[in-house]
Amino acid sequence: MAHPADAQTRQRKYPFIHMRIADHTVLDSIEGRHTCRRCSRSRKFFCYSCHIPVGELEKVLPRLGLPLQIDIIKHKKEIDGKSTAIHAAVLSPEHVRIHTFPDIPDYRLEEDVVLIFPSAKSLTVPQLFQRNVQLKIDDNYGLPKGHHMGTMLRRRMDEIEVLETQPEVMSKRSYTYGNLPVRRAVFIDSTWNQSRGIYADERVRGLRTVVLQNRLSQFWRYQRGSPRWYLATIEAIHQFVLEVHVNAWGLNSAYRGLDNLEITEGFHQLAAPLTRDAPPEDVQRESPYNGQYDNLLYFFANMYDLIHKYYDHNDLISYRRPI
């Protein structure tokens, strides 16, 4: 994909270049609003109440399958029209469902479910696949004296390192969509303070927690007190399924879509021994990662482009947050 906004006053890297995101300029040509066929409300691109596209977009919208089920627990104070979580449900309706807290399932009744949330016992995605890695941590998880895990999201987590001195080889186990170590992943769509209240609910607090590799957010909305790597929900979902796919089926050596995403070096170090030579156009679901889930960012990339047509990237406070 080429950067649509050429008249920038300062140079910057376009984050979505080379990603397999469908042409979303069709969104720029849609005029007016349309009636949702389910609830009859007036919407622009999709109904954020019913999670379906509206108007002519229903015929051209890319749809994608995911390797596992995604549940999103949305705080009731989160504004539906501003939440990127809706993007996932619209683009992957067979694999994503959204619940508004406190009306959520009892996850204690399910197996192979994880919660994407940092805690003192959080696993990494490679650890879910039994790779011999760990978080690089000092005393108190590298946090200053007097701090604890409850403040972790305000501080950049350290990368993951491979413990072995010899290059790691991919596990001999063969993975399919049906035997991944995780069947469902739960995300919390809220502010950090709100998320701790949801995490305290007995229906979710017993879940294994998973922490993602650090990646700088491209979200234009500023959340006070949040660092730059505090991802929008749709970015976090993309990062998670990307990590799952790479650990299950490897990374296509020809894929260049990660070049400008600004993911921590730890991710690339762990992906290196899993990188495989494969045809540049191979996007089969169990082939090495070659952008199979990049369309999760379809609406996100379009809005990013629109924002940057009117505002200089370096003037937006969201992109000047501390790393």
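Residues numbered from 1 in each chain as written. Predicted model: local features only at pLDDT ≥ 70, side-chain atom pairs only at ≥ 80, totals over all residues. Heavy atoms only, no water.

With that settled, the discussion passes to the nonpolar core. In this structure, Phe16, Ile70, Phe240, Tyr293, Leu296 and Phe299 are the most contacted members of the largest nonpolar core, which totals 66 residues. Per element, the largest residue contribution to this core is ten residues, and it comes from helix α6 (residues 233-249). Core analysis: the next-biggest nonpolar cluster, separate from the first, contains 14 residues, Ile73, Phe117, Ile188 and Tyr230 among them. (Core = buried A, V, L, I, M, F, W, Y, C linked by side-chain atoms within 4.5 Å. Buried < 20%, exposed > 50% of the residue type's maximum accessible area, 1.4 Å probe, protein only. Helix = DSSP H or I, 4+ residues; strand = E, 2+ residues; numbered from the N terminus.)

All right, on to the sheet that holds strand β5 (residues 69-74) then. In space, the six strands of this open sheet follow the order β6-β5-β11-β7-β12-β8, with parallel pairing throughout. The open sheet has two edge strands with one neighbour each: β6 (96-100) and β8 (123-124). In the sheet, strand β7 (residues 113-116) pairs with strand β12 (residues 208-211) via three bridges, with the strands oriented parallel. Looking at the pairing, Ile116 lines up with Val210 of β12. Against the sheet, helix α5 (residues 192-199) makes contact with β5, β7, β11 (184-189) and β12, and its axis sits at roughly 135 degrees relative to β11, the strand it touches most. (Pairing = 2+ DSSP bridges. Contact = heavy atoms within 4.5 Å. Axes fitted to C-alpha atoms, helices over the stretch in contact; angles between N-to-C directions.)

Let us now look at the pairing of β11. Most of β11 sits out of view: six of its six residues are buried. Alternating residues of β11 divide into Arg184, Val186 and Ile188 and Ala185, Phe187 and Asp189, and every residue in both groups is buried. As judged from the six bridges shared by β5 and β11, these two strands associate in the parallel manner. Of the residues in β11, the one forming a bridge with Lys74 is Asp189. Relative to β11, β7 runs parallel, the two sharing three bridges.

Those residues of α5 lying buried are Trp192, Gln194, Ser195 and Ile198. The arc that holds every buried residue of α5, seen down its axis, measures 150 degrees, which confines them to one face. Here the buried face of α5 lies against β5 and β11. (Arc of directions from axis to C-beta.)

Together, Met303, Leu306, Tyr310 and Tyr311 line one region of the surface with nonpolar side chains, adding up to about 430 Å² of accessible area. Take Tyr310: it is sitting in helix α8 (residues 298-310). (Patch = residues over 30% accessible without salt bridge, like charges linked within 9 Å, V, L, I, M, F, W, Y side chains within 5 Å. Areas by Shrake-Rupley, 256 points an atom, 1.4 Å probe, with all protein chains shown as cover. Salt bridge = Lys/Arg side-chain N within 4 Å of Asp/Glu carboxyl O.)

Per the stated rule, a full pass over the model turns up 13 aromatic pairs. Pairwise contacts between aromatic rings join Tyr14, Phe16, Phe219, Phe300 and Tyr304 into one cluster. The ring centre of Tyr48 lies 3.9 Å from the NZ or CZ of Arg43, which sits over that ring. A cation sits over an aromatic face here: Arg285 above Tyr177, 4.2 Å from the ring centre. (Phe/Tyr/Trp six-rings, centres within 6.5 Å; stacked < 30°, edge-to-face > 60°. Lys NZ or Arg CZ within 6 Å of the ring centre and 35° of its normal.)

That bond from Phe101 to Pro102 is cis: its omega, 15 degrees, falls within 30 degrees of zero. Relative to the helices and strands, Pro102 is located in the loop between β6 and β7. One non-glycine residue, Ser40, adopts positive backbone phi at about 70 degrees. Topologically, Ser40 is positioned in the loop between β1 (34-35) and β2 (42-43). In the Ramachandran plot, His51 falls in the positive-phi region, its phi being about 65 degrees despite a non-glycine side chain. Mapped onto the elements, His51 comes out in the loop between β3 (46-47) and β4 (52-53).

Moving on: the side chain of Ser190. Within the secondary structure, Ser190 is located in the loop between β11 and α5. A distance of 3.2 Å separates the side chain of Ser190 from the backbone nitrogen of Ser195, its partner in a polar contact. Not counting residues within four places of it along the chain, the set of residues in contact with Ser190 comprises His75, Glu78, Ser195, Ile198 and Tyr230. (Polar contact = N/O pair within 3.5 Å; in protein donor to acceptor, adjacent residues only side chain to side chain.)

On to the environment of Val210, then. Note that Val210 resides in strand β12. Sequence-wise, Val210 and Leu123 are 87 residues apart; in three dimensions their C-alpha atoms are separated by 4.7 Å. When residues no more than four places from it in sequence are discounted, the contact partners of Val210 are Val114, Leu115, Ile116, Phe117, Ser122, Leu123, Thr124, Val125, Leu128 and Phe240.

Here the structure, examined in full by the defined rule, presents zero disulfides. Take Cys36: it sits in no disulfide, and the sulfur closest to it among the cysteines is that of Cys39, at 3.7 Å. You can call Cys36 buried: its relative accessible area is 1%. The thiol of Cys39 is not disulfide-bonded; the next cysteine sulfur, from Cys47, is found 3.6 Å away. (Disulfide = S-S within 2.5 Å.)

This part takes up the confidence of the model for the chain. Taken as a whole, the chain shows an average pLDDT of 85; of its residues, 79% reach a score of 70 or greater. Of all the helices and strands in the chain, strand β10 (residues 160-162) carries the lowest mean pLDDT, 54, while strand β13 (residues 251-252) carries the highest, 98. Overall, residues 1-10 carries pLDDT values under 50, and its contacts beyond four positions in sequence, including any with other chains, amount to 21 contacts. Note that pLDDT drops below 50 for residues 165-170; the model gives that stretch ten contacts with residues more than four away or on any other chain. (pLDDT = per-residue confidence, 0-100.)

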